Amino acid sequence: MNISELKNSMDPKNVGREMYQLIVELYPICRSITGNGFRQTMEILRRYIPLQIHEVPSGTKVFDWVVPKEWNIKDAFVKNSKGEKIIDFQKSNLHVLNYSTPVKKAVSLKELKEHLFTLPDHPDWIPYKTSYYRENWGFCLSHQQFLTLEDEEYEVSIDSTLDSGSLTYGELYLQGEEENEILISCHGCHPSLANDNLSGVSLATFLAKLISSGSHRYSYRFLFIPGTIGAITWLALNEKKASSIKHGLVLTGVGDSGKITYKKSRRGDSDIDRAAAHVLKHSGDPHEIVDFYPYGYDERQYCSPGFNLPVGRLSRTPYGRYPEYHTSADNLDFVHAESLGDSYSKVLEILSLLGNNRTYLNLNPKCEPQLGRRGLYSSPGTNELALLWVLNFSDGHNTLLDICEKSAFEFASIQDAAYKLLKNGLLKLCLEK
Ligand SMILES: [Zn+2]
């Protein structure tokens, strides 16, 4: 089965529920841009798809960056003078500043406060903070709890290691009929955050699982990487392979209840941008399409001017536009099976369109062919207007998507018309330009 047939054989609601279950399983793990949390996450994904795991040593130069030391953590807490654990990593891994250096000492309230992070605007929530490239230690807590801290001596303990090791990432390459590739990239470097991070990981996993079960025109490359440094590392180590990427999507924030937002590639008019716009427009669901801007997720690296790859980003509510972003409120209640299933369905529709977006040549270009003689005129289930559009513009240059944009027809109608004309010997397939 090809992607369109596979898509039609699935119930996105059921898949959405399975995607949610995977998020539930991954949620408690303390991930970071390196370390065992990321590895453990990849091992769990390997139950679904045959991911290849790569380890890139600390200190490897990747363009202007260097792969950092590997961070691991066993435990962390702050105890008050009565010996009570008032901040406990075992209760939430967000309590520790991600990449905290090890520490074990007694501190005054004044010194402790220099290492505490809170969110005064959302006093019940714990912020998610990192310090990857500047060595520091710290704790994150609710502002409410922060206000109750008394002037006493505290014991701080972070049982972490920051040593030479490696950066881990997962990759799945699926050979298609063509060498040209579709890249699907997601980041999996955040600890207990559901929408930012795990929703994209879960969506990419279930897409890979489905696509690997059938046939596909394009080759597919799925990357499960730590944000920023992972994309930079992959691009630095695979510069040649990048030129095979004909279309790409960064997937993140696909599980909240907001409408879909598609961020265009830097090129702005690449096929992935046009395919996403077409699918979203004809879905009839609310959505938003935004131009490329040079911040956000890993599209920043794929669309840096030296690569300028046709890679867009699909999310629901964009990061920074929901207050739960990078806080303990981006939890299992913030993502929904229904939204995950809807994101899955829309991405598959985009991928299916790309696979079917062919260019044809009209073999009867001098005046219109007589459709009636071929049973293509006034026959049930045939849209004559779509036939005429395909015939006229199949000059070896226009793709089916080009014809959709000119005619305002939905892709399925134009594709159906092309299929019927092909069957009747009126079209021939042109090879990729
Ligand atoms: Zn994030």
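Please refer to the structure placed before this passage.
Basis of the calculations
- Residues numbered from 1 in each chain as written.
- Predicted model: local features only at pLDDT ≥ 70, side-chain atom pairs only at ≥ 80, totals over all residues.
- Heavy atoms only, no water.
- Axes fitted to C-alpha atoms, helices over the stretch in contact; angles between N-to-C directions.
- Helix = DSSP H or I, 4+ residues; strand = E, 2+ residues; numbered from the N terminus.
- Left-handed = near helix turned anticlockwise from the far one by under 90°.
- Contact = heavy atoms within 4.5 Å.
- Nonpolar A, V, L, I, M, F, W, Y, C, P; charged D, E, K, R; others polar.
- Buried < 20%, exposed > 50% of the residue type's maximum accessible area, 1.4 Å probe, protein only.
- Right-handed = clockwise from strand over helix to strand, strands pointing away.
- Pairing = 2+ DSSP bridges.
- Disulfide = S-S within 2.5 Å.
- Salt bridge = Lys/Arg side-chain N within 4 Å of Asp/Glu carboxyl O.
- Core = buried A, V, L, I, M, F, W, Y, C linked by side-chain atoms within 4.5 Å.

A. Geometry of the packing of helix 2 (residues 12-26) against helix 11 (residues 337-356). Helix 11 packs onto helix 2 with a crossing angle of 115 degrees between their chain directions and a minimal axis gap of 7 Å. When you trace helix 2 past helix 11, the crossing you get is right-handed. In contact with Pro12, Val15, Gly16, Arg17, Met19, Tyr20 and Ile23 of helix 2, helix 11 contributes Ala337, Leu340, Gly341, Tyr344 and Ser345. Here the contact of helix 2 with helix 11 is built from residues that sort into eight nonpolar, three polar and one charged.

B. Looking closely at the pairing of strand 14 (residues 260-263). Burial along strand 14 is two-sided: the face carrying Ile260 and Tyr262 and the face carrying Thr261 and Lys263 are both buried. The parallel pair strand 14 and strand 15 (residues 287-290), bridged by helix 9 (residues 271-283), forms a crossover whose chirality is right-handed. Of the pairings in the sheet, the one linking strand 14 to strand 16 (residues 311-315) comprises three bridges and is antiparallel in character. The residue bridging lysine 263 from the neighbouring strand is arginine 313, located in strand 16.

C. Layout of the state of the cysteines. Scanning the model with the defined rule gives zero disulfides in all. Free of any disulfide, cysteine 186 has its nearest cysteine sulfur in cysteine 189, 9.9 Å distant. Residue class for cysteine 189 comes out buried when judged on its relative accessible area of 3%.

D. Examining the pattern of salt bridges more closely. Counted according to the given criterion, the structure contains 24 salt bridges. The residue glutamate 288 makes a salt bridge to lysine 259 at a minimum N-O spacing of 3.9 Å. Here glutamate 288 is found in strand 15, whereas its partner lysine 259 is found in the loop between strand 13 (245-251) and strand 14, with 29 residues between them in sequence. Given a relative accessible area of 24%, glutamate 288 falls into the partly exposed group. Linking glutamate 288 and arginine 321 is a salt bridge whose minimum nitrogen-to-oxygen distance equals 3.6 Å. Highlighted residues: glutamate 288 in strand 15 and arginine 321 in the loop between strand 16 and helix 11, separated in sequence by 33 residues.

E. View of the nonpolar core. Phe222 and Phe224 are the most contacted members of the largest nonpolar core, which has 74 residues in total. Of all the elements, helix 6 (residues 194-211) adds the most residues to this core, at 10 residues. Counting residues in each nonpolar core, the second largest holds 53 residues, with Val78, Val96, Val156 and Val311 among its members.

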